Amino acid sequence: MFIWLIIYTCLHAQQDLISFSPGAKSIGLGRTGVIDVYDPSALYWNPASLGFINKYQTLFSIHQPFHLNYSAYSHFIPRVGSLAMSMAQTDMGETGIEIYSAGWGKKINDYFYAGFAINDVILDSENWVTGGVGFLVKPETSAYYQNNHSSLPGFLGSPLILDRLTMGVSIQNIPLTDTYYDHVTRIGASYTFTRDGFKLMFAQHIKRGNDSSHLGLIIPLQQNLQFFAGIRDYLFNKTALGAEISLNNIDLHFVYDYDVKRILFSTAIRLGSSGSTLAEQEYSQAQKKYTEGDQLKALYYSKRALEYDTGHKKAAEMVTNLEPVIKQNKKKIKLLLQAGRILESREYYISAATQYMQVLKLDPDNKTAQIALNRISPRVNIHTENRYNLGVTSFENNDLVGAKNIFESILLVRPDHTASKQYLAKINDLLFTQAENHFFTGLGYYSQRKLADAEKEFQNALEIVPAYTEAKEYLDRIAEDKINNLKLVIKLLEEGQDFEAKKSWFQAREKYRQVLEIDPVHSEAQNKLAEMDVLLADYVNEQVSKGESLYNSGQENAAQNIFTNVLRIQPGNAKAARYMSLIAEKSSGKSTRYFENAQNLYNQGNWKASLAAVDSSLKINPRFNDAVQLKNKLLKTLNVEQMLENAKNEYAKENYTEAMERFNQILEKDQQNTQALNYLEQCQKKLAEKVDEYFNKGLELYSRENYRLAIQYWQKALEINPSHKGSIEYSKRATERIKALERLQ
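Since this is a predicted model, take the numbers as computed values, not measurements.

Concerning the overall build of the chain
And then number 1: Helix and strand counts for the chain stand at 24 helices and 14 strands.
And then number 2: Per-residue burial for the chain yields a buried fraction of 44% across its 745 residues.
And then number 3: Sequence separation of at least 24 residues holds for 51% of the intrachain contacts in the chain that already meet a minimum separation of 6.
And then number 4: In the structure as shown, the chain presents an accessible area of about 39,500 Å², 52% of it carried by carbon and sulfur atoms.

Here it is, written out as structure tokens:
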């Protein structure tokens, strides 16, 4: 937006200068060009507006028949702004005028633009040079400031102002050589009322003894078609009407000016790719540099992308993320360079080189670090062996972390040092083994829902091996579990209180017990559990007496249900356990009789009745092998519907492995059987839960040093899932513990 100041030369020539304005659109808008002119003619109106142009563009304007009155070119350079130059020639009036201009405009921040221009005016034999400055305030939506924090002060960030209001001021024709003409000040503002771009604009041109007022109006008709009109000094004979047609990279402006009674024409042509295309190219460079680890260059290119397209969200996100990191890195670099200089002055050359190398990791082009490394390189080679010997000593003293740091510092400055590589490989293996021990211990605690202990172990693993991915994943799980546990504890307490209100003591006790499983030190749950135990004691005694009466009257099944419930409440109740044993002894004879009946019915070919009898036998004694074999025979002879019914029965009894076999047999006969497929999936889920149950039980026994029984539970888990990592690992550990104990005996 270079200032193209034409002010008045001697009287009649002065009027010739005033009558000329570049760009048909700005004339059609009543010469309100101090704002909202975003093409190279901004050089004349307000050079600050050049800062809004983020492309290469030319402008040609014809005001007289067969005469090119104005030509201009603007060139955008990211991080620098837009440069422009223009040439004006006109035969208006009695004399010819030539004006050559150059200028610059730049976006200073997300709402403020500034620019300047220099003009060489030639009028007959006279020649003089003028200058101009311009400023523009245009609050805009920016992807960067949306993602980060808006820097718009006060009211400029409000919805009524943002992307709607534009204000500009320019001072042109400031004499830089001797001239008789005064400068001109232009001020203006525009406001967009609707989303589709209905806009009203006003400008005031202040010249000594010749002020003028200007109004303009833009009415969008279609996406690429606009109508506009303007008036000067509110005089009808100084009005203009026009239209703008946008065709890809060309903008055409047609205007009829009532003042000169002539049609004016101008065209603005974009050269090269669009801003969005150039922004994408810059962002690709930013991504490449980020992948290479050069964050400074990544930030540089992502900011260039935003200059081409302020709405580029990915570039904005990268700038938002990188700016605080790089700011912090600059502080680190400063400290590292200071440390490097101090170490160098004390002749600790390897340590100094390590500091400089770390600087280059953060900033690969840092000249200070590069020069320092070249300076101390000969001395580094001399001191490497001493440093290496110190690392070996640290390793032998079991200071693995210290030794690791030493060997890494050597390799940082001497990547070819083979012995350091070998020691570092050994150390990494040892540290990983230590980290793995912490990880598996944490896994055990996590399986027992001891989240605090598990968290500590996973953190220990990460301290040793910061890249231990699985430990990080479990720490994330624990953080999520803590939130979920808090919600669950609140829910369980509420449910427990509800059961208390209904005098359902056992159900209330279960809820408080579940709270303590999540949080063993929860004082409210502990107190409530103690209360429930007192209330349940009387209830249990009543139930035991009732069960005894039923047993004595021969109602074993009813008695069994009562004693089962009692043992659920008090697993150690001796009376209930004794009566359950008596019932089991009586039941074994019944199981045999049911089986014999099932065998007879099978021989008679009455398979359905036989299956019912064998199920009764197995209900009493699930481990009756002969009954199991007979049931398998029966299932093979039954149709799919009957097989499905029996498979569902196994599922209901929680015999998931056997149920899976039954459902697979069904699918052999009917591959698309939906029920069998669904139940098969449910069986797999239930078995996975069983694996977790066996694994956790094994961990509990392992923590009590009951290694042999723990191994048995893990073997049960492996029977269901042979690749279960936790069971395999802990089985090995338990076996090693058993062998170690045997060696001590």
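Re the packing of helix α6 (residues 295–308) against helix α7 (residues 313–345)
And then number 1: α7 packs onto α6 with a crossing angle of 145° between their chain directions and a minimal axis gap of 9 Å. Crossing of α6 against α7: the hand is left-handed. Packed against α6, whose contacting residues are Q295, L296, A298, L299, S302, K303, A305 and L306, the element α7 presents A315, A316, M318, V319, L322, E323, V325, I326 and N329 at the interface.
And then number 2: Here the contact of α6 with α7 is built from residues that sort into 12 nonpolar, 3 polar and 2 charged.

Side note on the confidence of the model for the chain
And then number 1: Averaged over every residue, the pLDDT of the chain is 82; residues scoring 70 or more account for 90%.
And then number 2: Counting contacts from residues 146–150, a segment whose pLDDT is below 50, to residues more than four positions away or on other chains yields 9 contacts.

A look at the packing of aromatic side chains
In this description, a pair of aromatic rings is defined by centroid distance and the angle of the planes.
And then number 1: All chains considered together, the criterion is met by 29 aromatic pairs.
And then number 2: Plain terms: the ring middles of F439 and Y468 are 5.2 Å apart, the flat faces sit at 25° to each other, and that makes the pair stacked. Here F439, found in helix α11 (residues 418–447), pairs with Y468, found in the loop between α12 (451–464) and α13 (469–501); they are 29 residues apart in sequence, far enough to count as distant.
And then number 3: Centroid distance Y694 to Y713: 6.3 Å. Interplanar angle 45°. Geometry classified as tilted. Residue Y694 is found in helix α22 (residues 674–703), and its partner Y713 is found in helix α23 (residues 707–720); the two are separated by 19 residues along the sequence.

What about helix α15 (residues 523–552)?
And then number 1: An ideal rise of 1.5 Å per residue puts 44 Å on 30 residues; α15 measures up with 44 Å between its terminal C-alpha atoms.
And then number 2: Remark: the principal bend of α15, roughly 30°, maps to L536.
And then number 3: Once α15 finishes, G554 follows within two positions and takes phi at roughly 85°, a positive value.

Some points on the pattern of salt bridges
And then number 1: Summed over the entire model, instances satisfying the criterion amount to 23 salt bridges.
And then number 2: Each of K491, E495 and K511 takes part in one network of salt bridges that share partners.

Description of the environment of F432
And then number 1: Along the chain, F432 turns up in helix α11.
And then number 2: Taking the relative accessible area as the measure of exposure, F432 reaches 38% and is therefore partly exposed.
And then number 3: A C-alpha to C-alpha distance of 9.9 Å links F432 and L462, two positions 30 residues apart in sequence.
And then number 4: Apart from residues lying up to four places away in sequence, F432 is in contact with V465 and Y468.

Things to note about α11
And then number 1: Helix length check: α11 (30 residues) gives 43 Å between terminal C-alpha atoms against 44 Å at 1.5 Å per residue, within 8%.
And then number 2: Positive phi shows up at R449, right after α11, with a value of about 65°.

A look at the side chain of E500
And then number 1: Structurally, the position occupied by E500 is in helix α13.
And then number 2: With relative accessibility at 18%, the residue E500 sits in the buried group.
And then number 3: Residues contacting E500, with those up to four places away along its chain left out, are W505, A508, Y512, K528, E531 and M532.

A look at the environment of L235
And then number 1: By the element assignment, L235 lies in the loop between β11 (225–232) and β12 (239–247).
And then number 2: Here L235 falls in the partly exposed class, since its relative accessible area comes to 39%.
And then number 3: Counting along the chain gives 24 residues from L235 to D259, while the straight-line C-alpha distance between them is 9.8 Å.

Considerations on the packing of α13 against α15
And then number 1: Where α13 contacts α15, the two axes come as close as 12 Å, and the packing angle between them is 25°. Comparing their axes, α15 and α13 come out roughly parallel. As α13 runs across α15, the sense of the crossing is left-handed. Where α13 abuts α15, its residues L493, Q497 and E500 lie against E524, K528, E531 and M532.

Section: the nonpolar core
And then number 1: Among the nonpolar cores identified, the biggest contains 27 residues, and F439, F458, Y468 and W714 are the most heavily contacted of them.
And then number 2: Secondary structure elements with two or more residues in this core: α11, α12, α13, α22, α23 and α24 (725–744).
And then number 3: Ignoring any residue separated from it by four or fewer positions in sequence, one finds W714 in contact with Y694, F695, G698, L699, Y702, S727, Y730, S731 and A734.
And then number 4: If you look at the next biggest cluster of nonpolar residues, it comprises 19 residues, including L43, I53, Y70 and I97.

Description of a nonpolar patch on the surface
And then number 1: Judged by side-chain polarity, F116, I118, V133, F135, I171 and L176 come together as a nonpolar surface patch covering roughly 490 Å² of accessible area.
And then number 2: Here I171 shows up in strand β7 (residues 165–175).

What to know about the environment of F407
And then number 1: As for its position among the elements, F407 is in helix α10 (residues 400–413).
And then number 2: Between the C-alpha atom of F407 and that of N389, which follows or precedes it by 18 residues, the distance is 9.9 Å.
And then number 3: Filtering out sequence-adjacent residues up to four positions away, F407 remains in contact with Y388, G391, V392, S420, Y423, L424 and I427.

Quick word on the pairing of β12
And then number 1: Pairing analysis gives 7 bridges linking β11 to β12, with the strands arranged antiparallel. Counted as the bridge partner of F228 is G242 from β12.
And then number 2: If you look at the hairpin formed by β11 and β12, you'll find 6 residues sitting between the two strands, and D233 has a positive phi there, around 55°.
And then number 3: Of the strand pairs in this sheet, β12 and strand β13 (residues 250–257) are connected by 8 bridges, and their pairing is antiparallel. Pairing of L247 across the sheet is with I250, part of β13.
And then number 4: Between β12 and β13, which pair antiparallel and follow one another directly, the connecting turn spans 2 residues, one of which, N248, has a positive phi of 55°.

So, unusual backbone geometry
And then number 1: Backbone geometry at R79 places phi at a positive 75°, although glycine is not the residue there.
And then number 2: Positionally, R79 belongs in the loop between β2 (70–77) and β3 (81–90).
And then number 3: Look at R79 and you get partly exposed, because its relative accessible area is 36%.
And then number 4: In this structure, N398 is a non-glycine residue whose phi angle is positive, near 65°.
And then number 5: Looking at the secondary structure, you find N398 in the loop between α9 (367–396) and α10.

Let's talk about the side chain of T320
And then number 1: Inspection of the secondary structure puts T320 in helix α7.
And then number 2: Here A316 takes part through its backbone oxygen, which lies 2.8 Å from a polar atom of the side chain of T320.

Digging into the pairing of β3
And then number 1: Relative to β3, β2 runs antiparallel, the two being bridged by 8 bridges. Paired with S74 across the bridge in β3 is A84.
And then number 2: Counted along the chain from β2 to the antiparallel partner β3, the turn is 3 residues long, and its residue R79 has a positive phi close to 75°.
And then number 3: Bridging between β3 and strand β4 (residues 97–107) involves 9 bridges; their strand directions are antiparallel. The residue of β4 that forms the bridge with T90 is I97.

Conventions used here
- Here the residue numbering is sequential within each chain, running from 1 through the sequence in written order.
- Per-residue local features of the predicted model are confined to residues with pLDDT of at least 70, and side-chain atom pairs are confined, for both listing and counting, to 80 or more; whole-chain, interface and lining totals are unaffected and use all residues.
- Computation of side-chain values covers all heavy atoms of the structure but excludes hydrogens and water.
- Labels follow the DSSP assignment, with helices taken as runs of H or I lasting at least four residues and strands as runs of E lasting at least two, numbered in each case from the N terminus.
- For the exposure calls, accessible area comes from a 1.4 Å probe over protein chains only, and a residue counts as buried if that area is under 20% of its type's maximum, exposed if over 50%, partly exposed in between.
- Only heavy atoms enter the contact rule, under which two residues are in contact if any of them lie within 4.5 Å.
- To be clear on the numbers: accessible area is Shrake-Rupley with a 1.4 Å probe, and residue cover counts the displayed protein chains and nothing else.
- Axes, fitted as lines to C-alpha atoms, cover a helix only where it is in contact. Angles between the N-to-C directions of the axes lie from 0 to 180 degrees.
- Working rule for handedness: look at the near helix, and if it is turned counterclockwise from the far one by less than a right angle, call the crossing left-handed; if clockwise, right-handed.
- As a working rule, the residues Ala, Val, Leu, Ile, Met, Phe, Trp, Tyr, Cys and Pro are called nonpolar, Asp, Glu, Lys and Arg charged, and the rest polar, with Gly in that last group.
- Confidence of the prediction at every residue is given by pLDDT, a number between 0 and 100.
- Here a pair means two rings of Phe, Tyr or Trp (six-membered ring of Trp) with centres within 6.5 Å. Their orientation is stacked below 30 degrees between planes, edge-to-face above 60, and tilted elsewhere.
- Expected helix span is given by 1.5 Å per residue-to-residue step, counting one fewer step than there are residues.
- The reported bend at a residue is simply the angle between two axes, fitted to the 7 residues ending at it and to the 7 residues beginning with it.
- What counts as a salt bridge is simple: a side-chain nitrogen of Lys or Arg found within 4 Å of a carboxyl oxygen of Asp or Glu.
- Here is the rule for angles: anything less than 35 degrees is roughly parallel, anything more than 145 is roughly antiparallel, 65 through 115 is roughly perpendicular, and the remaining ranges are oblique.
- Only buried residues count toward a nonpolar core. Its members are Ala, Val, Leu, Ile, Met, Phe, Trp, Tyr and Cys residues joined through side-chain atoms within 4.5 Å.
- Two distance rules govern patches: like charges are joined within 9 Å, and nonpolar side chains (Val, Leu, Ile, Met, Phe, Trp, Tyr) within 5 Å, applied only to residues with over 30% relative accessible area and no salt bridge.
- Two strands are said to pair when DSSP picks up at least two bridges between them.
- Pairing of N or O atoms within 3.5 Å defines a polar contact, subject to two protein rules: one partner must be a possible hydrogen donor and the other a possible acceptor, and residues neighboring in sequence count only if both atoms are side-chain atoms.

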